[in-house]
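Notes for the structure review
Spelled out, the chains give:
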Amino acid sequence: MDNLNKYIEHTLLKQDAVKADFEKLFDEAKENSFLGVCINPCYVKFAKDYLKDSDVKIVTVIGFPLGANTTETKIFETINAVRDGADEIDMVINVTKVKERDTNFVVDEIRQIKAACQGHNLKVIIETDLLDKDDIKYACECAVKGGADFVKTSTGFVKNGVGAKAEDVELMFNTVKDAGLQVKASGGIRDKEAAIAMIKAGAVRLGTSSGVKIVAG
């Protein structure tokens, strides 16, 4: 597969990353023509300025990594991120509410955050490491009802978590495809073989910190 770079959101979400790490990330994204970079919200303004002469999308995370913030807090974060220059928003779903099958809460939260995106893509991180197959399908159905654009596997922050699995990506894809949503695989994608497996399972985006290694083969 020759165009893997166009699937990759080059990711740096470590809490101890410093300015030089972000400059390296952004330079690598430009050099490899990656689709985007995925960073924490406080670095969006910096990314917007650094990447202003490129086509690299700026993706940021909301309610990260637990998804347990209040809905009002997530909306505020989203409005700020869009104002600062984010092109796409990856929100963490409230996993507790998914497991409790609180459909009204889950769908309404997604719907409100989508509205705060002001036309920008919204991806819903469902955290597959914490969910069984029925939970995964349910969370995806809620994302459809809430008007999201993507469902995403993982934050990559679950202790002892696996991250993206091809079988989960396939289940997600089959659940949302008829509604027009797409799938982002993220978490534990560290080589070309894993990246291709996710794409074959239905992912059109790959969130990974190993983008350079992946495209190098």
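Everything below is about the structure printed above this text.
The rules behind each value
Residues numbered from 1 in each chain as written. Predicted model: local features only at pLDDT ≥ 70, side-chain atom pairs only at ≥ 80, totals over all residues. Heavy atoms only, no water. Helix = DSSP H or I, 4+ residues; strand = E, 2+ residues; numbered from the N terminus. Buried < 20%, exposed > 50% of the residue type's maximum accessible area, 1.4 Å probe, protein only. Contact = heavy atoms within 4.5 Å. Areas by Shrake-Rupley, 256 points an atom, 1.4 Å probe, with all protein chains shown as cover. Axes fitted to C-alpha atoms, helices over the stretch in contact; angles between N-to-C directions. Parallel < 35°, antiparallel > 145°, perpendicular 65-115°, else oblique. Left-handed = near helix turned anticlockwise from the far one by under 90°. Nonpolar A, V, L, I, M, F, W, Y, C, P; charged D, E, K, R; others polar. Core = buried A, V, L, I, M, F, W, Y, C linked by side-chain atoms within 4.5 Å.

**Structural notes on the overall build of the protein**
Regarding its fold elements, the protein presents 9 helices and 8 strands. For the protein, the spread of C-alpha atoms along the principal axes amounts to about 45 × 35 × 30 Å. Counting the 217 residues in the protein, one finds 52% classified as buried. Here the contacts in the protein between residues at least 6 apart in sequence split such that 68% fall between residues at least 24 apart. In the form shown here, the protein has an accessible surface area of approximately 10000 Å², with 47% of it arising from carbon and sulfur atoms.

**Things to note about the packing of helix H7 (residues 166-176) against helix H8 (residues 192-201)**
Taken N-terminus to C-terminus, the directions of H7 and H8 make an angle of 25°; their axes are 8 Å apart at the nearest point. As the angle between them shows, H7 and H8 are arranged roughly parallel. Note on packing geometry: the crossing formed by H7 with H8 is right-handed. Residue-level contacts link Ala166, Val169, Glu170 and Phe173 of H7 to Ala197, Met198 and Ala201 of H8. In terms of residue class, the contact of H7 with H8 is made up of 6 nonpolar, no polar and 1 charged.

**Examining unusual backbone geometry**
Note the cis peptide between Phe64 and Pro65, where omega equals 0°. Along the chain, Pro65 turns up in the loop between strand E3 (57-62) and helix H3 (71-84). The phi dihedral of Arg101 falls on the positive side, at around 60°, and the residue is not glycine. Mapping Arg101 onto the fold places it in the loop between helix H4 (95-99) and helix H5 (103-116). Even without being a glycine, Asn160 presents a positive backbone phi close to 65°.

**Here's the deal with the nonpolar core**
Most often, soluble globular proteins keep nonpolar side chains buried together rather than apart. Membership of the largest hydrophobic core comes to 62 residues, with the highest contact counts inside it found for Ile93, Ile110, Ile126, Ile189 and Leu206. Excluding anything up to four places from it in sequence, Leu206 contacts Tyr7, Ile8, Glu9, Ala185, Ile189, Ala195, Met198 and Ile199. Formed by 7 residues, the second largest nonpolar core is a distinct cluster that contains Leu13, Val59, Val61 and Phe64.

**Section: the packing of helix H6 (residues 133-146) against H7**
Relative to each other, H6 and H7 sit at 40°, their axes nearing to 9 Å. Classified by the angle between their axes, H6 and H7 sit oblique to one another. As H6 runs across H7, the sense of the crossing is right-handed. From H6, Lys133, Ile136, Lys137, Cys140, Glu141 and Val144 reach across to H7, where they touch Glu167, Asp168, Leu171, Met172, Thr175 and Val176. Of the residues in the contact of H6 with H7, the class split is 6 nonpolar, 1 polar and 5 charged.

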